Amino acid sequence: MKERLVSLQNAALAELEDVANPQELNEVRVQYLGKKGALTEILRGMGQLSAEERPVIGQLANDVRAAIEGALAELQTKFDAEETNRRLAQEKIDVTLAGRAPETGTLHPLNWVIQQVEDIFVGMGYIVAEGPEVERDYYNFEALNLPKNHPARDMQDSFYITDEILLRTHTSPVQVRTMEKMHGEVPVKIICPGKVYRRDNDDATHSHMFTQIEGLVIDKNVRMSDLKGTLLQFVQEMFGPETQIRLRPSFFPFTEPSAEVDVTCCMCKGNGCRVCKQSGWLEILGSGMVHPRVLEMAGYDPNEYTGFAFGMGVERIAMLKYGVDDIRHFYTNDLRFLRQFAHD
Ligand code: DAH
């Protein structure tokens with residue numbers, strides 16, 4: 001039995017020399033030390049030993065087990081270390097690799113124009129106001145002196161949702177909403193940017209949705225000269241200090257008198273070119289003195305207060321300022337177009 005134990009140890013150790021991976025190591029472990037392994041097999045014969053031999057063989061069997069276990073453990077440690085090294089090599093992060101720069105967007109050109117216009121008017125003491133895009137007929141038309149069946153409603157073909165609710169066709173309803181909120185207090189000085197909607201067929205100069213900026217001032221003794229001075233200040237900040245304006249008589253139901261405002265063409269400086277159709281002037285907004293009926297309906301006594309108002313198309317301003325020839329560029333989100341407006 002002694003010889004069998006010794007040769008079992010030698011065989012196990014010899015076999016371990018050829019073990020190449022943890023799976024093989026385990027096979028050897030099971031083969032020699034497992035429940036049905038070789039060592040167990042030999043120890044089954046212990047019962048037949050004499051009382052003197054038993055402790056000696058028992059001791060030897062323990063030594064053999066310890067020797068094999070020691071060799072197994074050593075190899076296991078070696079395989080574990082190899083595995084760790086393999087993983088470390090595989091999962092290594094190369095911190096010297098150049099990073100991926102996050103792509104940052106830029107302000108949309110229309111929002112940028114809105115921001116510039118707001119800055120100019122806030123600098124003159126105006127407050128930025130807002131109103132809903134889904135609007136009541138009352139605010140969009142009636143309170144602006146456009147009663148039902150008024151022919152001027154046709155100037156602004158509308159998207160109606162119900163008989164009384166529509167997508168606003170201009171930002172002018174915010175004038176009325178603001179005056180109502182102010183409850184007759186003065187001064188009212190607001191600027192209001194926002195989207196508006198009209199039943200137009202889209203082409204290079206028309207869009208069923210576009211953007212306007214409305215302005216409204218109400219106080220005592222507000223005169224047409226205040227309107228003209230304010231707009232001159234605005235266009236000179238927006239288009240350059242040499243820019244001039246001219247007011248042409250016009251008609252809007254909510255202003256009396258009404259004027260359309262032209263600026264000297266920013267392309268040719270007023271000399272005449274293709275953009276201004278050789279006239280030297282470009283129309284940029286509608287304006288006028290707030291109609292007494294509009295003041296009255298919104299709770300302001302027209303005998304005590306006067307005011308002026310104006311409304312401009314943001315796309316048109318952006319197109320003139322940056323030489324954009326098709327309004328649809330603003331909505332098709334071509335990054336090559338939008339990136340040209342990147343700025344700090
Ligand atoms: N709401 C007008 C439009 O959309 C523009 C306008 C004209 C606004 C004169 C005004 C104004 O406030 O006084 O065509």
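For the structure itself, look to the data block above.
Cut-offs used in this document
- Residues numbered from 1 in each chain as written.
- Predicted model: local features only at pLDDT ≥ 70, side-chain atom pairs only at ≥ 80, totals over all residues.
- Heavy atoms only, no water.
- Patch = residues over 30% accessible without salt bridge, like charges linked within 9 Å, V, L, I, M, F, W, Y side chains within 5 Å.
- Areas by Shrake-Rupley, 256 points an atom, 1.4 Å probe, with all protein chains shown as cover.
- Salt bridge = Lys/Arg side-chain N within 4 Å of Asp/Glu carboxyl O.
- Lys, Arg positive; Asp, Glu negative; His and termini not counted.
- Charge placed at Lys NZ, Arg CZ, Asp CG, Glu CD.
- Helix = DSSP H or I, 4+ residues; strand = E, 2+ residues; numbered from the N terminus.
- Phe/Tyr/Trp six-rings, centres within 6.5 Å; stacked < 30°, edge-to-face > 60°.
- Lys NZ or Arg CZ within 6 Å of the ring centre and 35° of its normal.
- Buried < 20%, exposed > 50% of the residue type's maximum accessible area, 1.4 Å probe, protein only.
- Polar contact = N/O pair within 3.5 Å; in protein donor to acceptor, adjacent residues only side chain to side chain.
- Contact = heavy atoms within 4.5 Å.
- Axes fitted to C-alpha atoms, helices over the stretch in contact; angles between N-to-C directions.
- Parallel < 35°, antiparallel > 145°, perpendicular 65-115°, else oblique.
- Left-handed = near helix turned anticlockwise from the far one by under 90°.
- Nonpolar A, V, L, I, M, F, W, Y, C, P; charged D, E, K, R; others polar.
- Near = heavy atom within 4 Å.
- Expected span 1.5 Å × (residues − 1).
- Core = buried A, V, L, I, M, F, W, Y, C linked by side-chain atoms within 4.5 Å.
- Pairing = 2+ DSSP bridges.

## Things to note about a negative patch on the surface
(1) Moving on: Together, Glu15, Glu17, Asp18, Glu24 and Glu27 line one region of the surface with negative charge.
(2) Moving on: Residue assignment for the negative patch shows that the elements contributing at least two residues are α1 (2-17) and α2 (22-33).

## What about the packing of aromatic side chains?
(1) Moving on: According to the stated counting rule, one finds 11 aromatic pairs in the structure shown.
(2) Moving on: Taken together through their ring pairs, the aromatic side chains of Trp112, Tyr322, Phe330, Phe337 and Phe341 make up a single cluster.
(3) Moving on: Lying across the ring of Tyr139, Arg177 places its NZ or CZ 4.2 Å from the centre.

## Let's talk about the side chain of Ser172
(1) Moving on: By the secondary structure assignment, Ser172 is in the loop between β3 (165-167) and α7 (173-182).
(2) Moving on: We classify Ser172 as buried; its relative accessible area is 4%.
(3) Moving on: Polar contacts involving the side chain of Ser172 include one to the side chain of His170, which spans 3.4 Å.
(4) Moving on: Each residue touching Ser172, except ones within four places of it in the same chain, is listed here: Leu144, Glu214 and Phe254.

## A look at the packing of helix α5 (residues 109-122) against helix α8 (residues 224-239)
(1) Moving on: Put simply, α5 and α8 touch, their axes get as near as 10 Å, and they point 135° apart. It follows that α5 is oblique to α8 by the angle criterion. Here α5 runs over α8; the crossing is right-handed. Residues Val113, Gln116, Val117, Ile120 and Phe121 of α5 pack against Thr230, Phe234, Glu237 and Met238 of α8.
(2) Moving on: Of the residues in the contact of α5 with α8, the class split is 6 nonpolar, 2 polar and 1 charged.

## Details of the site of the ligand
(1) Moving on: As a structural note, the neighbourhood of the ligand is formed by 16 residues, with His170, Gln175, Arg198, Gln212 and Glu214 the closest of them.
(2) Moving on: Contacts to the ligand include Gln212, whose side-chain N or O atom sits 2.9 Å from an oxygen atom.
(3) Moving on: Looking at the shell around the ligand residue by residue, the classes come out as 4 nonpolar, 10 polar and 2 charged.

## A word on helix α4 (residues 53-90)
(1) Moving on: End to end, α4 covers 55 Å across 38 residues, agreeing with the expected 56 Å (1.5 Å per residue, within 8%).
(2) Moving on: In this structure, the buried side of α4 is in contact with α1, α2 and α3 (38-43).

## Comments concerning the nonpolar core
(1) Moving on: Of all hydrophobic cores here, the largest spans 42 residues; its most connected members are Phe310 and Met312.
(2) Moving on: Counting residues per element, the ones that place at least two in this core are α5, β5 (209-219), α8, β7 (255-264), β8 (281-290), β9 (306-313), α10 (314-322) and α11 (335-338).
(3) Moving on: Those residues in contact with Met312, other than ones at most four positions away along the chain, are Val117, Phe121, Thr211, Gln212, Ile213, Phe234, Ile284, Leu285 and Ile317.
(4) Moving on: Judged by nonpolar contacts, the second largest core, of 25 residues, contains Leu146, Ile218, Tyr300 and Tyr305.

## Some details on the sheet that holds strand β6 (residues 245-252)
(1) Moving on: Read across the sheet, 7 strands follow the order β1-β4-β5-β9-β8-β7-β6 without closing on themselves; strand pairing throughout is mixed. Of all strands in the sheet, those bounded by a partner on one side alone are β1 (127-128) and β6.
(2) Moving on: Where β8 and β9 come together, 5 bridges link them in antiparallel fashion. When the sheet's bridge partners are listed, Leu285 is paired in β9 with Met312.

## Observations concerning unusual backbone geometry
(1) Moving on: Across the junction of Val186 and Pro187, the peptide omega takes the value -5°, indicating a cis bond.
(2) Moving on: Following Glu256, the chain continues to Pro257 via a peptide bond in cis, the omega torsion being -5°.
(3) Moving on: Relative to the helices and strands, Pro257 resides in strand β7.
(4) Moving on: Located in the positive-phi region is Asn145, a residue other than glycine, with phi close to 70°.
(5) Moving on: With respect to the element layout, Asn145 can be found in the loop between α6 (137-140) and β3.
(6) Moving on: Located in the positive-phi region is Asn221, a residue other than glycine, with phi close to 60°.

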